[in-house]
Every structure is written in C-alpha cells, then in structure tokens.
Amino acid sequence: MERRRLLYILWGLVIFAGMASVNFFSMTEIFGKVNYINLVLSSFGLSLICICPLMVTGKKRGLIFSLCLYIIFNVLIYSDVVYERYYDGILSIEMISQVTQVNAIADSIFTLIKPRDGFYFVGLVVLLIALIYMFLQRGEDYASGKKNTTFSSLSLLAGIALLLVPAWQIKADFSDQLKVGMAGAVSAHLYDTYEYLMEKSPVFAEQRSLTSEEKKKIEDMKRYFQARQAEHKNSPFYGVAKGKNLIMIQAESFNNFVVGLKVNGQEVTPNLNKLIKESLYFNHIYLQIGRGNTSDAEFVANNSLYPSRKDGAYRTYVDKTFYSLPIVLKEEGYITSAAHGNSPEFWNRKNAYKSQGYDVFYYKGHPSIGSPDILGMGISDKAMFHKMAEIYKKQSEKQPFYGFIVTLSSHRPFQLPARVQKLSLPKEFQNTMTGNYLQSVHYTDEALGEFIQDLKEKGLWDNTLLVFYGDHYGPLPDNAGELKKLLGITFDKKTMFNIPLVIHYPKQTKPVEYDVIGSQMDIFPTISSLMGIDKPLYQLGFDLTTKKEGYVGFRHEIVPYTFFSDSYDYLASDDGEFSHGTCTDVKTGKKVDVEKCRRNYERVKYEIDISDFIFDHNLFDILLKKRSL
Ligand code: GP9
Ligand code: MN
C-alpha cells in the first residue's frame, strides 16, 4: 500500500482514538457509566465527519480542515464537562446567544478546570504532531490529486447517521447526565437541537388553539392554585406588612451553613445573625434553580413557578406574560426596581426584567449609579446597597416601592482583594476555597449590616418588609473534603442545596424560627401573605408560615423529579422511570419501598408539568383575561 494512503489511514485511526478517548472521559465524568456501543458509534461517526475534508480537497490543506473539525468536537465535548461541573447540565442551543457571558465568568471557569483535563486533548496533540510531520514531507503530496466527493459525501452521511443512532435512544425525561452517558455529548446536542426546533414549530407554539383536555387542565390548575392560596389567611402574620415597602435581597453563593458559623472566635455573618434575632428565619430552605443558575433563583423567588427545562428562564421565557411579584405589586401602586452590579446583558436580565414587571433596572454603567466601587464581576455590594438606599428614599416619598437587589461580590472564585478581607483566619484557611469563600460571605454580610443601618437612618426600616435569601451554593462537591477538614461540615446534597431565608416584617422584635422544608418556590407566597395580597395568584409554592407538610421537588441540579420531604426523600433515576428511583426514610436513613414516595413524586411531576404548560402556551394571557380560552 502506498505510503500516502497508509498515512491517511493512520490519520483516521488517530482521530477515532482521540474521539473515543474524549467521549469516554466525558461520559465517565458526567454520568459515571458508559454505554460502550454508543461510545463506538458516536466516535466512529465523528471520525467519519472529521476525515471528509481529506477526500473533498484532495490536497494537504484537507488535513487542516480535518483537524479543525476534530478541534470543534473536542472543544464542544470538553466545554460540556466544565459547564456541567458548575451548572449541572450541558450547554444548550439557546445559550449560543449568550456566548458573551463566558468572558464575564472566565475566572470562575478557570477554577473549574483540573490538571487531569489534559487527557481530553492527547488526541489533539498527536494530530498536531502528525500534521507537522506530513507538512514537512517534501514533494509527495498527500492526496490522490483527484477529489473524491462521492466518498466524502458518503462518509459525512454515514457519520451523521451513526450519531443519530444514539440520539434516537434519548427520551424527554432523561437528565442531561444520562443523555451524555448513554449517547455521548454530540448526540445529546443533536437531540436537544431537534427538541428546540420542534418547540419553535407552529404545532407546538403557544398560538395553536387549546384542546378540550387542555382547557379542562386549566380549570383544574386554577383550583389547585386557589386551594394553596386559601391557606395564607390562616397565617398569624397575614397582612402584617400590608402597604409597606418591600426590599428583597438575593445573596450570591450564600449557603445556609454560614449562618451562626464562627471561625477563630469570629462570626462569619454577624449582621445576618443579628437580623435573625428579630426576624422569621427558615432554616430548611432549598434552591430550585435550573440552567439559569442565579437568574433562575430570581425567577423562582419572584414567580413561584419552575424554571425552564431547556435553558435559563430569562432566556426561554423572556417574551411570555407573567404574574410575578413585581407585576402584582405594581397593580397595588408600587414602583418596582431591580438592581444588580453586573452588565445588563448577563443572563439576559435587560430584556427579562421588562416582562418581569420591573419599572427600573439599575446595573453596571447605569446613569443613576455612576462609576462606583468595582469588586470582581461588577459593582461592589456595599456601593450597590448604598446607592439603592438613596434611590429607595426618593421613591418612598412618592409611593411604596419594591426593590429587588441581587448581590454579586461573593461570586466564585471568591477572591476578594485583601483590603476587604476582614476575617482573620487561621493559617490552614489561607489560600483555600473555604477561606476565600468565608471572606466573601463576610464581606457581603458587612454590606448588609451597613445597608440596614442606612435604611434606619433614612427612616425606611420601620416601614419596610425585608427578605434575604441565597441564590445557590458557594462551594462545589469537589470542596467537600476541605470543608470537612476545616469546618467539620458534611457537604452533602442537602447542605449544598440549603440556602438561608430570613424575613423581617416592619417593627418585628421577636425571632421566630421555622424548620419546615421549603424552597425558593415558597418565597413569593410567603411575601404575598405577609403583605395581605388578596386577589387570585398563581403560585406553586406555599406561605411558609402555614405550610404543613414540608417538601421540595427539583427539576435541575439533581436528577429531575427528585425531592426532599418530611418523611421520605426520593432520588429519581436518570432514565425517568419512577420505580427505578430510590425512596429513603428520612428518620432511619434506610431505603424503603419506592411506592412510599409515589404521592410526592406525582405532586412534583404535576407541578413541573403545569409550570411548563403555563409557559409553553403563555397561559397568563388567558388567566389574566388578556385573551379568551
Ligand atoms: C452574574 C451573577 C452570577 O451577573 O448573577 O451569576 P451565576 O454565575 O452565579 O449564575
Ligand atoms: Mn449566583
């Protein structure tokens, strides 16, 4: 066999070996198990696509195009691995529009890259060496001189067909992790792209008329919401903040374990601890974020509905109609604003906040904010709180206000400049994620203390309902060992998902602590109950001051339909089959018959389904009588 042909075959084999290794590592890391048949099919399919340019061009430059295709697949699969480490999902097609977001979290991304990731690029290095070697060969051109477009087209079609085989085995209920573990990342993306295009087709669009079953489903759904809201009036605090101002603070990367924590004799969050002494404190509240991470925390807390299954709610639902907290309060005569120290494009907030019902959005570069102190990703929490206190004072002179502040300074990688690190930590904490995290959280807590003092000095404190909660976890599972060693904390899923929720109503002096299991879904209903909002609301959450049975269901960050509850915890199976999940008795920690978890499982499934149903068909237009059924 002539030498040229041999080198081509070697080139193809290296591509296959490289693609197979990248697929194997990614399937193993993201899902933990590998479907070897689909691993071979996917790797072979990708290889056939990568070698197409060799036949089309018939010249050496075909090797370069072939290498470019390999690099595209290699980087895509590796990006899924890094993205999943932080956002618990793989990249989605909708995110292409937000590619600019990447540079703003570049330093966070670097903290997610591990030395062992070099293995993902071994194939690429071998191909680069091979390419240089072949280009250095004099005279002989590694090509037959004639273009073999038939063969290259067959190779391309065969490659795509081989990728579709694993994609075809994916089901809608599969978690992202299972999609990758079973079919490989590229086939998972093919499936997601198909779903995305189908959702965009007229058959699925909200414009199509509703079937009679769907109309009946709407009536059932309305009764479901009304029954939940009826409980509000049983609260001992119902209407205690009626007509008062509302300030809601969503704190970046704030886990509940920092509340009351002391290190070296110093409180990590002295101001929050002090606030709790005159507030309602909910100590078993869990995140319910989706692919939109921080922005989904905002969405759930202000809408009491689930985030989108496909991408951040601020992107997927941006043009929908809502009946959110800001909209409900605007109807009550409030001026509403959101404030966040990052650029307005991040998480598509600039567009999303309009349909969420915020009259004003204060962001990095906003004319009213000027050029204040910058820390990390944007305006420092202290500067933002100080500016917003001034703005609220002015607003309060004309009408009641709802101010939503999303903090930023305690964002990963938690590396604040020494000038703002006020905790004196023992040596073993120095330059550790845990030490940096505690310093960041301590800074934000200090900012909170100054903000409350500011509100008091401006005469706003006694006329304002203040809500404070965390958006999601700060440390990652990788940091569990360090947290155990330094703080003695077992960073399991419950601790990781557990965020603080503190609510201070005007002139409250006595603390009340609640152990009820709840989530960000319950924030809006609890606020609307304390504010005595007495009109039909469409909230999946409960007023936590009257919630009897604790439970929280997840659609993301863990296998969808997993839930925690007072009696049983359920870990759903990646394949979406209920009976394949695990039901655990909370008291004994022992596995029990999965049927004991069916009732709450059906409830979580129903709630996620009606949440998607509302937005798939833009039903608030109907519920709010903006269009007829
Ligand atoms: C970015 C901030 C952090 O503006 O909300 O976002 P995150 O990376 O935590 O989702
Ligand atoms: Mn966040």
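Since the structure is predicted, the reported quantities are computational estimates derived from the model, not experimental observations.

**Some remarks on the overall build of the protein chain**
- Regarding its fold elements, the protein chain presents 22 helices and 18 strands.
- By the compact-globule yardstick of 25 Å for 629 residues, the protein chain fits well, its C-alpha radius of gyration being 27 Å.
- Here the C-alpha coordinates of the protein chain stretch approximately 90 × 65 × 55 Å along the principal axes.
- Residues counted as buried form 60% of the 629 residues belonging to the protein chain.
- Considering only contacts within the protein chain whose residues lie at least 6 apart along the sequence, 75% involve residues at least 24 apart.
- For the protein chain, the exposed area adds up to about 25300 Å²; of that, 60% sits on carbon and sulfur atoms.
- Where the 71 positive side-chain charges of the protein chain centre and where its 68 negative ones centre are 3 Å apart.

**Considering the pairing of strand β1 (residues 245-251)**
- Counting buried residues along β1, seven of its seven residues qualify, which places the element largely inside the surrounding structure.
- Two strands pair when backbone bridges link them, and β1 and strand β9 (residues 401-406) are joined in this way by five bridges, in the parallel orientation. Within β9, the residue paired with Leu-246 across the bridge is Tyr-402.

**Notes on the packing of helix α17 (residues 433-457) against helix α18 (residues 480-487)**
- For the pair α17 and α18, interaxial distance at closest approach is 9 Å and the crossing angle is 75°. One finds that α17 runs roughly perpendicular with respect to α18. When α17 is examined against α18, the residues Met-433, Thr-434 and Leu-438 are found in contact with a partner set consisting of Glu-482, Leu-483, Leu-486 and Leu-487.
- The residue inventory of the contact of α17 with α18, partitioned by class, reads five nonpolar, one polar and one charged.

**Comments concerning the coordination of the manganese ion (ligand 2)**
- Coordination sphere of the manganese ion (ligand 2), protein contribution only: Glu-252 (OE), Glu-252 (OE), Thr-294 (OG1), Asp-471 (OD) and His-472 (NE2), at 2.0 to 2.4 Å.
- With six donor atoms in place around the manganese ion (ligand 2) and angles of 56 to 168° between them, the coordination shape is irregular.
- Sequence spacing of the donors to the manganese ion (ligand 2): E-x41-T-x176-D-H. Here Asp-471 and His-472 have matching classes, each one buried.

Thresholds, definitions, all that
Residues numbered from 1 in each chain as written. Chains lettered and ligands numbered in written order. Predicted model: local features only at pLDDT ≥ 70, side-chain atom pairs only at ≥ 80, totals over all residues. Heavy atoms only, no water. Helix = DSSP H or I, 4+ residues; strand = E, 2+ residues; numbered from the N terminus. Rg over C-alpha atoms; globule rule 2.2 N^0.38 Å. Buried < 20%, exposed > 50% of the residue type's maximum accessible area, 1.4 Å probe, protein only. Contact = heavy atoms within 4.5 Å. Areas by Shrake-Rupley, 256 points an atom, 1.4 Å probe, with all protein chains shown as cover. Lys, Arg positive; Asp, Glu negative; His and termini not counted. Charge placed at Lys NZ, Arg CZ, Asp CG, Glu CD. Pairing = 2+ DSSP bridges. Axes fitted to C-alpha atoms, helices over the stretch in contact; angles between N-to-C directions. Parallel < 35°, antiparallel > 145°, perpendicular 65-115°, else oblique. Nonpolar A, V, L, I, M, F, W, Y, C, P; charged D, E, K, R; others polar. Donors = N, O, S within 2.8 Å, 3.2 Å for Na, K, Ca; no water. Tetrahedral: all angles 85-135°; square planar, octahedral: opposite > 155°, others 65-115°.

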